[in-house]
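Report on the structure
Residues per chain are reported as follows:
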Amino acid sequence: MSIESTNPATGDVVDSFEETTDEEQDDHLERATETFEEWSDTPIETRQRLLARAADVLRENEATYAELMTEEMGKPIGQAHDEVEKCAWVCDYYAETAAEHLQDEVIASDESARTVVAYQPLGPVLAIMPWNFPFWQVFRFAAPTLAAGNVGLLKHASNVPGCARAIEAVFERAGFPEGAFTSLLISSSEIDAVIEDDRISAVTITGSDGAGRSVAETAGSQLKKNVLELGGSDPFVVLEDAPMEQTVETAVQARLINNGQSCIAAKRFIVVDEVYDEFVDRFTEAMDEQVVGDPMDEETDIGPQAREDLMADLHEQVQETVDQGGEIELGGEPMDRDGAFYPPTVITDVPENAPADREELFGPVATVFRVPDEAAAIEKANDTRFGLGASVWTENVERGERVARQFESGLAFVNELVKSDPRLPFGGVKDSGYGRELSRHGIREFVNTKTIWVQQDAGEETEMVE
Ligand SMILES: O=CCCC(=O)O
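What comes next concerns the included structure. (Residues numbered from 1 in each chain as written. Predicted model: local features only at pLDDT ≥ 70, side-chain atom pairs only at ≥ 80, totals over all residues. Heavy atoms only, no water.)

Formed by 92 residues in total, the largest nonpolar core has its most connected members in Leu58, Tyr94, Phe135, Phe139, Phe171, Phe176 and Phe181. When residues in this core are grouped by element, the largest group, 12 residues, is from helix α4 (residues 77–102). Counting residues domain by domain, this core receives three or more from each of domain 1 (2–230 + 428–453) and domain 2 (234–414). Setting aside residues up to four positions removed in sequence, Leu58 forms contacts with Tyr65, Val84, Cys87, Ala88, Cys91, Phe135, Phe139 and Val170. In this structure, Val237, Ala242, Ala356 and Val365 belong to the second largest nonpolar core, which totals 52 residues. (Core = buried A, V, L, I, M, F, W, Y, C linked by side-chain atoms within 4.5 Å. Buried < 20%, exposed > 50% of the residue type's maximum accessible area, 1.4 Å probe, protein only. Helix = DSSP H or I, 4+ residues; strand = E, 2+ residues; numbered from the N terminus. Domains from an automatic or database assignment. Contact = heavy atoms within 4.5 Å.)

Below is the structure:
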């Protein structure tokens, strides 16, 4: 069987790859287990050095990797370049900090006993990754996981097989041992069997909450550690004292980044009554100014949706919302051209429980809600089953921080775009999942946090303490 990748801007086949056979999969799992024995014993400084080398390989081949991403899933080329650079950054970050994050913690040390917490790798970790940031999501997992002494296996989204292979090659070229990072070109129906395999120690998924539930169920039945990085319906709260020009500019960017296909894109714009009309007018105008077109063109702001079927799902959510009373201010229909192009869309008057209120809209569609005041804005922001990111816009930073602390989310930003950063923990609450990626929190997800107690005075007579 072969897997084809298709350019969503043109419908042309980009490339075709042979699926991993059962026999090859078994060999990869065996090799991963063997490599783990050697890799986990390799000094962390060596592992860090190879990660720094992976950053070099990424930078040396930035244009090739960026073009591959854009061809396979339609990301604007400028953003694809930024993504490669961000992958190099996360490799550099752990190349510099892994040892510090994982160094033993001495809890007590005296004549009678020494107690230490040590962080030891778990084994082969399976990563199930999505197509939206086809390099970044993988490196965000791989850099800390490999630095900690684990080995990684990747089941990437089926529309980005070229990216999956290219990432595997980055680690090979950087000098990682064979089996340290392997890409399995398998279908989703085979994931459960891999998670259940005794040679897999843990699993992480970035994807929809439905996929997360299924992975967690299988991993849970095997008592395997899992990290779930799932969807979001991030609120973007605009208070009456928001700096309007900067707020509108960032609102557009926050909604449209990656053609609107980001888990931390702002999806629900919640605006207090006093500035609602001004915000809707300025935001709609700015959304309308965005250039939709060929993602390979540097001038393009928004390329195609990653697949035709995903665009059809998005449009169904929009139509259902309109049928229930939502008002289209801009866009709202697939574009009349070849490729999976959906225009920037703004919907107001969204009724409670309409798809655009309750579900994640993974595309360039913004919903704007009118609320009377700050308290109602916070209530609306939290009135969702998701809890990934959130932001608030106000001239008063103390007020902003007070509001940010009340968001039910894993990430809360004041007067700034919600974004991931290697130095900061990334993850959600509620249906957005659990566990954290990045920073020292991320590198400690796939380790055995081991208590070591060394009794120093063994053999000496000790007084019993009740
Ligand atoms: O899709 C979610 C991840 C986006 C990011 O890390 O910037």
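On to the packing of aromatic side chains. If you walk through the whole model with that rule in mind, you get 13 aromatic pairs. On the numbers, 4.8 Å between centres and 35° between planes, the contact of Phe171 with Phe181 is tilted. Here Phe171 is found in helix α6 (residues 161–174), whereas its partner Phe181 is found in strand β7 (residues 181–183), with 10 residues between them in sequence. Neither Phe171 nor Phe181 differs from the other in exposure class; each is buried. Judged by centre distance (5.1 Å) and plane angle (20°), the rings of Phe279 and Phe283 are stacked. In this pair, Phe279 and Phe283 both sit in helix α10 (residues 273–288), four residues apart, roughly one turn of the helix. By relative accessible area, Phe283 is classed as buried at 0%. One aromatic cluster is present, built from ring pairs that chain together Trp39, Tyr65, Phe135, Phe139, Phe171, Phe176 and Phe181. Over the aromatic face of Trp136 sits the side chain of Lys86, whose NZ or CZ is 4.7 Å from the ring centroid. (Phe/Tyr/Trp six-rings, centres within 6.5 Å; stacked < 30°, edge-to-face > 60°. Lys NZ or Arg CZ within 6 Å of the ring centre and 35° of its normal.)

This is a description of form; function is not addressed.
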